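Examining the three-dimensional arrangement
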Amino acid sequence: MRITGLLLLVVLFWNCSGNQQAEQEATTTPETQTETATAEPTPASFGEEIVIDQVTAGGDLMSQLAEMDTVEDVLISGKINSCCQKKGCWMKVDLGDDQEIFVKFKDYGFFVPLDSEGSTALMQGRAYKKTVPVEELRHYAEDAGKSEEEIAAITEPEVSYLFMANGVLLSDYTPSKSETESSEGEETEMGSEETEMEGNTETTTAE
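Figured I'd write up the structure that's included with this text. (Residues numbered from 1 in each chain as written. Predicted model: local features only at pLDDT ≥ 70, side-chain atom pairs only at ≥ 80, totals over all residues. Heavy atoms only, no water.)

1. Regarding the packing of aromatic side chains
Applying the stated criterion across every chain yields a total of 5 aromatic pairs. Centroid distance Phe 102 to Tyr 140: 4.5 Å. Interplanar angle 45°. Geometry classified as tilted. On the criterion of sequence distance, the pair formed by Phe 102 in strand S4 (residues 99-105) and Tyr 140 in helix H3 (residues 134-143) is long-range, its members being 38 residues apart. Comparing Phe 102 with Tyr 140, the two get one shared label, buried. With a centroid separation of 4.9 Å and 40° between ring planes, the pair formed by Phe 105 and Phe 110 is classed as tilted. Members of the aromatic cluster, joined through ring pairs, are Trp 90, Phe 102 and Tyr 140. (Phe/Tyr/Trp six-rings, centres within 6.5 Å; stacked < 30°, edge-to-face > 60°. Helix = DSSP H or I, 4+ residues; strand = E, 2+ residues; numbered from the N terminus. Buried < 20%, exposed > 50% of the residue type's maximum accessible area, 1.4 Å probe, protein only.)

2. Observations regarding unusual backbone geometry
Positive phi values are uncommon outside glycine, yet Asp 73 reaches one of about 45°. Looking at the element boundaries, Asp 73 is found in strand S2 (residues 70-83). Positive phi, close to 55°, is recorded for Asp 97, a residue that is not glycine. Note on placement: Asp 97 falls in the loop between strand S3 (90-96) and S4. A residue is classified by how much of its surface remains accessible, and Asp 97, at 69% relative accessible area, is exposed.

Below you can see the structure in the form of structure tokens.
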């Protein structure tokens, strides 16, 4: 009888352990799948709506800038080589044929995601050339996360090809986990501020 009782206890213990393991697997599997899932590229638009249909090739744009200082109302496209890592307030875009253009945004009215490097950008706006002073070049280098030695090595102004975008479309942007969490945090913070403002309004009204 004692042996039979012990066998029953062993069987019950084994069944309980198996059930617990199955529950743990059922609980962790969806989370694991969620974390390992690859985000799909999603078009992301910033600033004004793009209304120009014809894209100007990088080589053609540079040829025009060789003859004039400014090209108005033009649409260009290229791969983002780098962007400001503080606010996303500028980016460097590869136009092909070893041509790169420095892009800023009209009236400082919008920014691009900090993780947009590698995305394809479609940009509408004004292209122009400018002699950029050393101080400004060093500022951009600092924004890009360059080392102190690299920043100090900038000692001469340079002629740069610039683009003032009033609208940007990232056609194949894939947000990183950190960028998604940052956006969600900003939305939560904004929601908290709105709730606080509503509470203050109600308190003032009651008084």
